[in-house]
Amino acid sequence: MTAAFIITRFAHFAAAMSLFGASLFLAILSPPALRAALARSIGPILAAVSAIAAATAILWLLLVGGEMAGGWRDAFDPAVLSATLYETQFGSLWQGRLVLALALLIVAPWRGPPRSALIAILAGVNLASLGLVGHAAMRMGADGVFERANQALHLAAAGFWLGALAPLLVCLRLLGDPALKDEAAAALRRFSGLGHVAVAAVLATGVVNIFMILGRWPRDFSSPYQACLAMKMATVVVMVLIALYNRYWLVPRRKADAGASAALVRNTALEIGLGAVVLALVSAFATFEPV
């Protein structure tokens, strides 16, 4: 069941982060005309991603039940499902997350103007609640509360950074549209400012997570957990370097150099790909003992 857990976690994290980051980009970074243009292309994607988030939340619950009970057959046993949902701490949390998933399924296809803000709020709570499960949920007492809060902040910051890259990519392409170039440029400036905060939060909370869970920097690469963690850290560093290069080298040159705008598009697409690698590594090492 390990492979199924990894795939499910990857799809669920990717969907949850995409919902949060993209809807937040639309709600607070995009001027009105740009928001309408982006919503036409991104709106259907948000609806599809909300369905993926709901489906993988259900599958995650089934896998947890099957793992506790002994195998695949037990995962689909109604008695096991009921016990998992109503008699475990995980199930108590997951009840709330399933309600959020249903709410997102209802709201995501909605075409009213407040849609992106409402999706951002629901998706933010949904994403942050993932900080209450996994390795970060193993510690009890005040330290456990701090660790869960730190993990929730880590997820929210990462979700904004990674999830906003897709609408940012569309926005970069709209810089060549005479009707929308000014609003697209304004959104780019706003993202650059908040992006600094998000990246700093990801790095700071990530370091705290490492020392609270592992207690040291990952150096023993014979440990699957430490090997995946080290690869994740290296990939994040590369993403940060690309983001800094984009912000301080390419963005100031984009008006005078058409090649800079094309490079921004390529680098943003590369960041999306690297973000997927990070999520795959996180999904993998979440199944290993943190040793």
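Now for a description of the structure that goes with this document.

Scoring rules and cut-offs
- Each residue is numbered by its place in its chain's sequence as written, counting from 1.
- Per-residue local features of the predicted model are confined to residues with pLDDT of at least 70, and side-chain atom pairs are confined, for both listing and counting, to 80 or more; whole-chain, interface and lining totals are unaffected and use all residues.
- Neither water nor hydrogens contribute to the side-chain values; these are computed over all heavy atoms in the structure.
- The helix and strand labels rest on DSSP assignments: H or I over at least four residues marks a helix, E over at least two residues marks a strand, and numbering proceeds from the N terminus.
- To get the radius of gyration, use the C-alpha atoms; to get the globule rule, take the number of residues to the power 0.38 and multiply by 2.2 Å.
- Burial status follows relative accessibility: with a 1.4 Å probe on protein chains alone, a residue under 20% of its type maximum counts as buried, one over 50% as exposed, and anything between as partly exposed.
- Two residues qualify as a contact provided that any one of their heavy atoms is within 4.5 Å of a heavy atom in the partner residue.
- Reported accessibility uses the Shrake-Rupley method at a 1.4 Å probe radius. Residues are deemed covered only where the shown protein chains occlude them.
- Charged-residue counts in this description rest on Lys and Arg as positive and Asp and Glu as negative, His and the chain ends being excluded.
- To locate a charge, take atom NZ for lysine, CZ for arginine, CG for aspartate or CD for glutamate.
- Our arc is simply the arc of the directions from the helix axis toward the C-beta atoms.
- Polar contacts here mean pairs of N or O atoms no more than 3.5 Å apart (in protein, one a potential hydrogen donor and the other a potential acceptor; neighbouring residues in sequence count only if both atoms are side-chain atoms).
- Here a Phe, Tyr or Trp ring, Trp counted by its six-membered ring, pairs with any other such ring whose centre lies within 6.5 Å, and the pair is stacked when the planes are under 30 degrees apart, edge-to-face when over 60, and tilted otherwise.
- Here, over-ring charges are defined by two tests on the NZ atom of lysine or the CZ atom of arginine: distance to the ring centre within 6 Å, and angle to the ring normal within 35 degrees.
- Here, axes are lines fitted to C-alpha atoms. For helices the fit covers the stretch in contact, and angles between N-to-C directions go from 0 to 180 degrees.
- An angle counts as roughly parallel when it lies under 35 degrees, as roughly antiparallel when it exceeds 145, as roughly perpendicular when it falls between 65 and 115, and as oblique in every other case.
- Under this grouping Gly is polar, as are all residues other than the nonpolar Ala, Val, Leu, Ile, Met, Phe, Trp, Tyr, Cys and Pro and the charged Asp, Glu, Lys and Arg.

### Examining the overall build of the protein chain
The helix and strand inventory of the protein chain stands at eleven helices and zero strands. Scanning the protein chain from its N terminus toward the C terminus, one meets helices and strands in the order α-α-α-α-α-α-α-α-α-α-α. Radius of gyration (C-alpha) of the protein chain: 20 Å, near the 19 Å computed for a compact globule of 291 residues. Overall, the protein chain is about 60 × 45 × 35 Å in size when its C-alpha atoms are taken along their principal axes. Every one of the 291 residues in the protein chain was classed for burial, and the buried ones make up 51%. Intrachain contacts of the protein chain at a sequence separation of at least 6 include 72% that bridge at least 24 residues. For the protein chain, the exposed surface amounts to about 13,500 Å²; the carbon and sulfur share of it is 70%. Considering the protein chain, the positive charge centre built from 21 side chains and the negative charge centre built from 13 side chains are found 12 Å apart.

### A look at the side chain of Thr8
Relative to the helices and strands, Thr8 resides in helix H1 (residues 2-29). Once residues lying within four places of it in the same chain are set aside, the contact partners of Thr8 are Thr56, Leu59, Trp60 and Leu63.

### Structural notes on helix H4 (residues 78-86)
Burial in H4 covers these residues: Val80, Thr84 and Leu85. Burial along H4 is one-sided: seen end-on, the buried residues are contained in an arc of 125°. Turned more than 90 degrees from where H4 packs its buried face, Pro78, Ala79 and Tyr86 sit exposed. Looking at the buried side of H4, the elements it contacts are helix H2 (32-69), helix H3 (72-75) and helix H5 (89-107). Residue Asp77 occupies the N-cap position of H4, its side-chain oxygen lying 2.9 Å from the main-chain nitrogen of Ala79.

### Regarding the packing of aromatic side chains
Within the structure shown, the criterion is met by seven aromatic pairs. When the centroid spacing of 4.6 Å and the interplanar angle of 20° are considered together, the rings of Phe90 and Trp94 count as stacked. Linking Phe90 with Trp94, this pair stays in helix H5, spanning four residues, or about one helical turn. For Phe90, a relative accessible area of 18% puts it in the buried group. With centroids separated by 5.2 Å and ring planes inclined at 70°, the aromatic side chains of Tyr225 and Phe285 adopt a geometry described as edge-to-face. Pair noted here: Tyr225 is in helix H10 (residues 224-250) and Phe285 is in helix H11 (residues 258-285), with a separation of 60 residues, a long-range link. Grouping aromatic residues by their ring pairs yields a cluster made of Phe13, Trp60, Phe90 and Trp94. The ring of Trp94 has Arg97 sitting right over it, with the charged end atom 4.6 Å from the ring centre.

### Looking at the environment of Ile119
Of note, Ile119 is situated in helix H6 (residues 115-128). Separated by 69 residues in sequence, Ile119 and Leu188 place their C-alpha atoms 21 Å apart. For Ile119, the contacting residues outside a window of four places in its chain are Leu19, Ser23, Leu46, Leu104, Val107, Ala108 and Gly124.

### Brief notes about the side chain of Thr268
Locating Thr268 in the fold gives a position in helix H11. Overall, the relative accessible area of 1% leaves Thr268 in the buried class. When sequence neighbours within four positions are dropped, the list of residues in contact with Thr268 reads Leu165, Leu168, Leu169, Leu172 and Asn246.

### Looking at the packing of H1 against helix H7 (residues 141-163)
Close contact between H1 and H7 brings their axes to 7 Å; oriented N to C, the two are set at 70°. Relative to H7, the element H1 is oriented roughly perpendicular. Residue-level inspection shows Phe13, Met17, Ser18, Phe20, Gly21, Ala22, Leu24 and Leu29 of H1 in contact with H7, the latter providing Leu155, Ala156, Ala158, Gly159, Phe160, Leu162 and Gly163. When its residues are assigned to classes, the contact of H1 with H7 shows eleven nonpolar, four polar and no charged.

### Quick look at the environment of Ala57
Assignment of secondary structure puts Ala57 in helix H2. Separated by 44 residues in the primary sequence, Ala57 and Phe13 place their C-alpha atoms 9.9 Å from one another.

### A short note on the environment of Val277
Note on placement: Val277 falls in helix H11. The class for Val277 is partly exposed, based on a relative accessible area of 38%. Remark: the alpha-carbon pair of Val277 and Thr235, spanning 42 residues in sequence, is separated by 7.7 Å.

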